[in-house]
Amino acid sequence: MDLLEKIKVNAVKLQNHIVLPEGSELRTLKATAQILQEKIARITLLGNPSVIAAMAKQEGLSIAGANIVDPTTDVNRQKYAEIMVELRGSKGLTIEKAYDLLNDPLCFAVMMIKAGDADGEVAGAINATGDVLRPAFQYVKTLPGVTVVSGLFFMIFKDKTIGDNGMLVFADCAVMPDPNATQLAEIAVTTARSAKSIANIEPRVAMLSFSTKGSAQHELVDKVANATRIAQEMNPDLLIDGEMQLDAALVPEVGQLKSPGSKVAGRANVLVFPGLESGNIGYKLVQRLAGAEAIGPVLQGMAAPINDLSRGCSVSDIVNMVAITANQAGEKKV
Ligand code: ACO
């Protein structure tokens, strides 16, 4: 069974409740019909119920099992507005402004999660990453002990000799433009934890740079070397090494030559990029030129699972992301 199949089977067992704020978007509606048919999750769609019902009817989609909520009239608006003011009143949020913000399904979805009325959210088919993430950062916030949300990709290769049986984990490819050493260390520790909990692999983390163990001197190299040290302090049991170049991380002979004795060099399965530019470009290069399947971005570090889609996403991308989100929500409860 491949990774996505396992994730879907587990989602069916968990039966978590996922809110989809882009309820009147066609791919989202088609995905909802499939999710309900395959029993991957319980679904709430946000939007105007008559518009959603008319679209579903016109497209011949069976979404009768979905809960449909209109954020502009829902009975929970007062409860959510009060929580919002409790959390951000000190930053100047008034109750009137909170009611106004709740008209935005992206904000309403986050408040459903915060109030315990949903387990997770998937959005981004028609909204930019920043618009999906900002309310999540503001109200759901990060897990205890975590300050940085980041995004990983599971990169799946046909060649099963690559990484762990054809899988590498890349991060951060989606969120944090320019992490400092401590933030980068946190990204490494969080990614290793996600790799273990979602994909069940024993993480061997390479902290990537254009230098291997001091072969170049630059403040960017120092950042990665410091991040490696901090990550090791944060989690002494973690198999992590750096700074190292990509070839030293992946190719056994090069790893042996450039970083002799390293338990990670030449056999890394988790690659942590020094910043978002290299991470985002890196995963797309591997996806487009090496033909790897890129599953993600899976956001990690948030207090509840909220995941962002690419605006070019397909119906099956949405189905898969709902299954992943349901898995992440499941982990949180145990
Ligand atoms: N983790 C946790 N909290 C964060 C993070 C983070 N990575 N970034 C910002 N925050 C918090 C801030 O502390 C702030 O909290 P506060 O209001 O309680 O003080 C809140 O979020 C809002 O912060 P802003 O500074 O207003 O948000 P910012 O302008 O930094 O935007 C954003 C954050 C949208 C994530 C920004 O970093 C961004 O645009 N990142 C790139 C996203 C992107 O475009 N990725 C590539 C596309 S995805 C793909 O290709 C797969």
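Going by the structure above, here's the rest.
Model, not experiment: these values are computed from the prediction. (Residues numbered from 1 in each chain as written. Predicted model: local features only at pLDDT ≥ 70, side-chain atom pairs only at ≥ 80, totals over all residues. Heavy atoms only, no water.)

Draft legend 1. Structural detail: the side chain of Ser262. Relative to the assigned elements, Ser262 resides in the loop between α11 (252–258) and β9 (270–272). Within the structure, the side chain of Ser262 is placed 2.6 Å from the side chain of Asp241, a separation counted as a polar contact. For Ser262, the side chain forms a polar contact with the main-chain nitrogen of Ala265, separated by 2.9 Å. Aside from chain neighbours lying at most four places away, what touches Ser262 is Asp241 and Met244. (Helix = DSSP H or I, 4+ residues; strand = E, 2+ residues; numbered from the N terminus. Polar contact = N/O pair within 3.5 Å; in protein donor to acceptor, adjacent residues only side chain to side chain. Contact = heavy atoms within 4.5 Å.)

Draft legend 2. Fine view of the packing of aromatic side chains. Considering all chains together, one arrives at three aromatic pairs under this definition. Ring geometry for Phe153 against Tyr283: centres 3.8 Å apart, planes inclined by 15°, an arrangement best described as stacked. Of this pair, Phe153 sits in strand β5 (residues 150–156) while Tyr283 sits in helix α12 (residues 276–289), and the two are 130 residues apart along the sequence. Classification of Phe153 by relative accessible area gives buried; the value is 3%. (Phe/Tyr/Trp six-rings, centres within 6.5 Å; stacked < 30°, edge-to-face > 60°. Buried < 20%, exposed > 50% of the residue type's maximum accessible area, 1.4 Å probe, protein only.)

Draft legend 3. Layout of the nonpolar core. Ranked by internal contacts, the top residues of the largest apolar core, which has 61 residues, are Ile43, Phe154, Val205, Met207 and Val322. Ranked by the residues each element gives to this core, the list is headed by helix α8 (residues 181–199), at ten residues. Per-domain counts for this core show at least three residues from each of domain 1 (3–141 + 303–329) and domain 2 (150–295). (Core = buried A, V, L, I, M, F, W, Y, C linked by side-chain atoms within 4.5 Å. Domains from an automatic or database assignment.)

Draft legend 4. Structural detail: the site of the ligand. Of all residues adjacent to the ligand, which total 21 residues, the nearest are Arg88, Val149, Ala174, Val175 and Asn280. Within the side chain of Lys91, a nitrogen or oxygen atom sits 3.1 Å from an oxygen atom of the ligand. Within the contact set of the ligand, an oxygen atom lies 3.0 Å away from a side-chain nitrogen or oxygen of Asn280. Of all elements in the fold, only α7 (129–140) and α12 reach the threshold of two or more residues within the shell around the ligand. Counting residues per element, the shell around the ligand draws most heavily on α7, at five residues. The class makeup of the residues in the shell around the ligand is twelve nonpolar, five polar and four charged. (Near = heavy atom within 4 Å. Nonpolar A, V, L, I, M, F, W, Y, C, P; charged D, E, K, R; others polar.)

Draft legend 5. Broad picture of the sheet that holds strand β2 (residues 42–46). With parallel pairing, five strands are arranged side by side in an open sheet as β3-β2-β1-β4-β11. The strands lining the two open edges of the sheet, one partner per strand, are β3 (67–69) and β11 (306–308). Geometrically, the sheet is characterised by an average inter-axis angle of 20° between neighbouring strands, direction not taken into account. Sheet topology places strand β1 (residues 17–20) next to β2; four bridges connect them, and they run parallel. When the bridges of β2 are listed, Ile18 appears paired with Ile43. (Pairing = 2+ DSSP bridges. Axes fitted to C-alpha atoms, helices over the stretch in contact; angles between N-to-C directions.)

Draft legend 6. Region of interest: the layout of surface pockets. When its volume is computed, the largest pocket comes out at roughly 620 Å³. Taken together, 26 residues form the lining of the largest pocket, with Phe153, Tyr283, Gly296, Pro297 and Ser310 sitting closest to its centre. Looking at the lining of the largest pocket, the elements with two or more residues in it are α12, β10 (293–300) and α13 (315–333). Per-class residue counts for the lining of the largest pocket are 13 nonpolar, seven polar and six charged. Per-domain counts for the lining of the largest pocket show at least three residues from each of domain 1 (3–141 + 303–329) and domain 2 (150–295). (1 Å grid on protein atoms, 1.4 Å probe; cavity = no way out; pocket = protein on both sides within 12 Å on 5 of 7 lines; lining within 4 Å. Points joined across faces, edges and corners; volume = space filled by probe spheres on them.)

Draft legend 7. Here's a closer look at the pairing of strand β7 (residues 204–208). Counted residue by residue, β7 has five buried out of five residues, so it is predominantly covered. Burial of β7 is two-sided: the residues Arg204, Ala206 and Leu208 facing one way and the residues Val205 and Met207 facing the other way are all buried. As a crossover connection, the stretch from β7 through helix α9 (residues 219–234) into strand β8 (residues 239–244) is right-handed. As paired elements, β7 and β9 share three bridges and run parallel to each other. Pairing of Val205 across the sheet is with Val270, part of β9. (Right-handed = clockwise from strand over helix to strand, strands pointing away.)

Everything listed here is a matter of coordinates, which is why it stays silent on function.
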